[in-house]
Amino acid sequence: MQNAQLIGLSSQMALGRELEVIANNMANVTTTGFKARTTRFQEYLMPKASAETFQRSDRKLSYVIDSGTPLDLSQGPIEATGNPLNAAIRGDAFFAVQTPQGERYTRNGAFELNAQGQIVTSDGNLVLGDGGPIQIGQQETGLALGPDGTVSTNQGTRGRLRLVTFANPQALTNAGGNLYSSTAPAQAAGPQGRIEPGALERSNVRPVLAMSRMLEVNRTYQLVSDTVSRLDSLRGQAIQRLADVGNA
């Protein structure tokens with residue numbers, strides 16, 4: 001009975017983690033360039049049953065463990081905005097940006113110009129080009145982005161947005177503000193990334209599917225919780241009856 005309760009608790013912990021992931025996805029339905037995370041579980045077989053005293057072979061107990069929350073790197077919907085400082089990526093690439101914590105990566109192409117004429121993210125982080133931050137003069141006009149990331153004005157080319165990819169994008173970790181960090185070196189995107197100027201990539205979270213999954217996980221969590229409670233009640237009754245027999 002105790003083993004059954006422990007298995008149920010392991011399932012609750014895994015389901016609770018999945019609820020957290022789904023809730024974060026739902027909170028970012030409207031976040032530009034957001035990539036959802038999914039949950040992955042696996043079975044863990046205990047080699048022996050605990051407190052096994054019966055005259056038969058040991059049982060293997062099947063627990064549930066959370067084995068990771070991989071990124072869903074599927075393409076989000078691309079929406080034309082007409083803003084020359086907006087850029088959407090088609091493919092598996094990321095924009096490189098400079099933050100106080102170091103270089104980070106994002107799919108959010110809602111760029112702006114700061115007071116110094118540098119291209120920045122909506123959070124004020126410098127957007128990196130192949131040669132570093134891209135500077136636009138105060139008197140320059142006709143700002144435009146090309147499909148290869150080239151930034152130009154009426155004064156000519158001012159740089160090219162740096163697009164990067166990773167050998168294992170699943171190793172990217174969330175760094176807040178719709179940014180990612182990586183311990184592995186970034187690689188030049190090449191043909192794996194193409195920019196669509198004047199557009200933004202919306203979140204790839206599918207609200208209807210996320211909501212239906214949240215309801216399903218909630219129901220399963222409640223079912224497991226009820227089962228664990230009943231097992232606890234049965235265990236208490238068994239202990240009480242054993243005590244009554246011993247005092248008879």
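Under an unreviewed UniProt entry, the name given to the protein chain is Flagellar basal-body rod protein FlgF, and the organism recorded is Methylobacterium platani. Recorded in UniProt for the protein chain, the comment headed Subcellular location (unreviewed entry) runs: "Bacterial flagellum basal body". Recorded in UniProt under Sequence similarities (unreviewed entry), the annotation for the protein chain is "Belongs to the flagella basal body rod proteins family."

S.K.: So what's going on with the sheet that holds strand β11 (residues 144-145)? Residues and values would help.
M.R.: In a beta sheet, neighbouring strands pair by backbone hydrogen bonds and run either parallel or antiparallel. Reading across from one edge, β11-β12-β13 is the order of the three strands in this open sheet, with antiparallel pairing throughout. Looking along the sheet, the strands with just one partner apiece sit at the ends: β11 and β13 (156-160). As paired strands, strand β12 (residues 150-153) and β13 are joined by four bridges and run antiparallel to one another. From the neighbouring strand, Val151 faces β13, where its bridge partner is Gly159.

S.K.: Requested: an account of the environment of Thr150, with residues and values cited.
M.R.: Here Thr150 is to be found in strand β12. Distance from Thr150 to Asp130, taken between C-alpha atoms, is 9.9 Å for residues 20 residues apart in sequence. Excluding residues within four positions of it along the chain, Thr150 makes contact with Ala144, Leu145, Thr157, Gly159 and Arg160. At a separation of 2.8 Å, a polar atom in the side chain of Thr150 contacts the side chain of Asp148.

S.K.: So what's going on with the UniProt feature "domain: Flagellar basal body rod protein N-terminal" (unreviewed entry) in the protein chain? Which residues, and what values?
M.R.: With numbering matched to this structure, UniProt assigns "domain: Flagellar basal body rod protein N-terminal" (unreviewed entry) to residues 8-35. In residues 8-35, the share of helix is 71% and the share of strand is 0%. The end C-alpha atoms are 31 Å apart.

S.K.: Now, about the pattern of salt bridges: what can you tell me, with residues and values included?
M.R.: Oppositely charged side chains can form a pair if their charged atoms are brought close together. In total, this model carries 10 salt bridges according to the counting rule given. Linking Glu201 and Arg107 is a salt bridge whose minimum nitrogen-to-oxygen distance equals 2.9 Å. Of the two residues, Glu201 sits in strand β19 (residues 199-201) while Arg107 sits in the loop between β6 (102-106) and β7 (112-113), which places them 94 residues apart along the sequence. Here Glu201 matches Arg107 in class, with each residue buried. One continuous salt-bridge network, built from bridges that share partners, spans Glu18, Arg213 and Glu216.

S.K.: Report on the side chain of Thr99, specifying residues and quantitative values.
M.R.: Note that Thr99 resides in strand β5 (residues 94-99). Exposure remark for Thr99: the relative accessible area of 7% places this residue in the buried category. Among the polar contacts listed, one links the side chain of Thr99 to the backbone oxygen of Gly102, at a separation of 2.7 Å. Those residues in contact with Thr99, other than ones at most four positions away along the chain, are Arg104, Asn125 and Leu179.

S.K.: Would you mind going over the environment of Glu201 in detail, with residue names and values included?
M.R.: The class of Glu201 is buried, set by a relative accessible area of 0%. Remark: the alpha-carbon pair of Glu201 and Arg107, spanning 94 residues in sequence, is separated by 7.6 Å. Excluding its chain neighbours within four sequence positions, the residues that come into contact with Glu201 are Thr32, Gly33, Lys35, Ser74, Gln75, Gly76, Pro77, Ile78, Ala88, Ile89 and Arg107. A polar contact is formed between the side chain of Glu201 and the side chain of Arg107, at a distance of 2.9 Å.

S.K.: I'd like a rundown of the packing of aromatic side chains, residues and numbers included.
M.R.: Per the stated rule, a full pass over the model turns up four aromatic pairs. Where Phe94 meets Phe166, the ring centres are 6.0 Å apart and the plane angle is 65°; that geometry is what we call edge-to-face. Residue Phe94 is found in strand β5, and its partner Phe166 is found in the loop between β14 (163-165) and β15 (173-174); the two are separated by 72 residues along the sequence. Overall, Phe94 belongs to the buried group, its relative accessible area being 3%. Their ring planes at 80° and their centres at 4.9 Å tell us that Tyr105 and Phe166 sit as a pair that is edge-to-face. You can see Tyr105 sitting in strand β6 and its partner Phe166 sitting in the loop between β14 and β15, a full 61 residues away along the chain. Tyr105 sits in the buried class, given a relative accessible area of 6%. A residue is classified by how much of its surface remains accessible, and Phe166, at 9% relative accessible area, is buried. The residue whose ring lies beneath Arg107 is Phe94, and the NZ or CZ to ring-centre distance is 6.0 Å.

Reading guide: rules and limits
- Residues numbered from 1 in each chain as written.
- Predicted model: local features only at pLDDT ≥ 70, side-chain atom pairs only at ≥ 80, totals over all residues.
- Heavy atoms only, no water.
- UniProt positions renumbered as here; feature names shortened; annotations may be inferred.
- Pairing = 2+ DSSP bridges.
- Helix = DSSP H or I, 4+ residues; strand = E, 2+ residues; numbered from the N terminus.
- Contact = heavy atoms within 4.5 Å.
- Polar contact = N/O pair within 3.5 Å; in protein donor to acceptor, adjacent residues only side chain to side chain.
- Salt bridge = Lys/Arg side-chain N within 4 Å of Asp/Glu carboxyl O.
- Buried < 20%, exposed > 50% of the residue type's maximum accessible area, 1.4 Å probe, protein only.
- Phe/Tyr/Trp six-rings, centres within 6.5 Å; stacked < 30°, edge-to-face > 60°.
- Lys NZ or Arg CZ within 6 Å of the ring centre and 35° of its normal.

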